[in-house]
Amino acid sequence: MRATKAIIHLDRFCRNIQEVRKKIGPKPRICVPVKADAYGHGAVRIARMALETGAACLAVAAVSEGAELREAGIRAPILLLSLPLPDELPEVVSLGLIPLVSDKDFIRQAARAAQTAGKTLELHLKIDTGMGRLGCSPEEAPGLAGLIAREKYLVLGGTATHLAAADSSAPEDRAYTQKQLARFREGVEGIRRAGFDPGIVHAANSGGVVFHEDSRLDMVRPGILLYGYSPGPGTVEVTPVMEFLTRVVFLKKVKKGETLSYGRTWTAPRDTVIATLPAGYADGLPRALSGKFPVTIRGERYPLVGRICMDQCLADLGPDPRIRRWEEVTVFGPGSLTAADMAAVLGTIPYEITCNINKRVPRVYQGSASIGEI
Ligand SMILES: *Cc1c(COP(=O)(O)O)cnc(C)c1O
């Protein structure tokens with residue numbers, strides 16, 4: 001196998017689900033977002049593990065992601081979080097995905113696609129309470145629920161909203177989340193008062209689970225938390241699921257004053273030994289980290305020096321290294337810096353780091369024995 005690989009610790013993923021379960025209590029269902037190939041962890045394996053551990057449903061962003069899960073034989077409910085194009089609706093219907101809908105026009109098109117297929121389509125109504133992406137206003141919700149109820153081939157299975165700042169502990173963001181939840185309750189109550197069943201009511205992402213007890217409702221949708229990154233110092237103890245490894249494939253002595261890699265951005269300040277690592281930006285090691293991030297070998301940190309290339313990068317081991325050729329290198333993972341540390345250097349979030357570990361990096365699954373239902 002290739003030197004550069006991502007170890008996916010399924011046992012940790014299970015434990016993270018159990019930690020979430022402990023936090024939210026027995027009642028709310030757990031929906032596991034497996035969009036973007038389960039944040040880079042591998043959608044099918046993660047989905048199977050999630051369902052074995054007691055998750056009630058899955059969520060994807062693209063119809064193709066739902067298709068991949070169905071082709072793998074997964075029959076659990078799958079929410080489609082992003083809006084597909086109308087011409088994708090026949091596939092949504094045939095795969096039995098559950099789209100989140102926000103408007104009359106789309107609901108009517110969904111009804112037509114379902115009728116054409118002669119198959120009932122479950123929908124969730126999305127209410128925009130302050131995220132500003134998709135969703136109807138709380139005031140429009142009862143009317144849209146009514147429209148869905150009148151369509152013979154549609155059924156309203158749930159009502160959802162999405163929180164914009166639930167991961168923040170700043171008082172004004174906390175207040176904003178409370179306002180969003182209040183708006184959401186208005187929308188849901190409106191649906192009930194109009195005589196319709198809102199179905200499963202859900203709002204909480206990871207931030208909601210960790211910081212907002214009243215966002216848990218009938219179901220929670222924590223993503224990043226289950227992959228092992230807490231949105232803040234909270235009370236849910238989670239462990240990163242992915243570990244990104246490579247190996248030393250080449251060692252060379254470099255003289256003081258020699259330059260390395262494209263653009264000659266690094267000049268050896270002293271005689272030293274350089275390790276060549278077969279991981280680059282095409283593997284998801286961002287080029288912007290050039291010269292700004294250390295890797296870990298046998299528990300010691302070594303800086304990446306020079307430009308990170310498409311397929312390779314270089315680490316400075318110092319003049320007198322203990323490290324030998326072929327040794328394992330941790331780019332991020334336990335005992336080393338994490339994807340969150342890497343994200344912080346780049347001014348981004350760990351989501352973007354794990355999502356971008358690319359297809360040519362083999363995923364190696366460990367700890368797959370289920371540790372039981374939650
Ligand atoms: C991605 C997503 C989530 C999960 O968000 P995390 O921040 O990873 O917990 C939940 N709900 C919706 C609608 C999403 O798009």
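Preceding this paragraph is the structure being described.
Residues numbered from 1 in each chain as written. Predicted model: local features only at pLDDT ≥ 70, side-chain atom pairs only at ≥ 80, totals over all residues. Heavy atoms only, no water.

### What to know about unusual backbone geometry
Inference 1: One non-glycine residue, Ala 36, lies in the positive phi region at around 50 degrees.
Inference 2: Along the chain, Ala 36 falls in helix α2 (residues 35–39).
Inference 3: Its relative accessible area of 32% is what places Ala 36 among the partly exposed residues.
Inference 4: Positive phi is not limited to glycine here, since Arg 264 has a value of about 50 degrees.
Inference 5: Residue classification places Arg 264 among the exposed residues on the basis of a relative accessible area of 59%. (Helix = DSSP H or I, 4+ residues; strand = E, 2+ residues; numbered from the N terminus. Buried < 20%, exposed > 50% of the residue type's maximum accessible area, 1.4 Å probe, protein only.)

### Here we look at the packing of helix α7 (residues 141–150) against helix α8 (residues 171–193)
Inference 1: Relative orientation of the contacting elements α7 and α8 amounts to 45 degrees, with a least axis distance of 8 Å. When the axis of α7 is compared with that of α8, the two are oblique. Judged by the twist between their axes, the crossing of α7 over α8 is right-handed. Of the residues in α8, those in contact with Ala 141, Pro 142 and Ala 145 of α7 are Gly 187, Gly 190 and Ile 191.
Inference 2: Taken together, the residues of the contact of α7 with α8 sort by class into four nonpolar, two polar and no charged. (Axes fitted to C-alpha atoms, helices over the stretch in contact; angles between N-to-C directions. Parallel < 35°, antiparallel > 145°, perpendicular 65-115°, else oblique. Left-handed = near helix turned anticlockwise from the far one by under 90°. Contact = heavy atoms within 4.5 Å. Nonpolar A, V, L, I, M, F, W, Y, C, P; charged D, E, K, R; others polar.)

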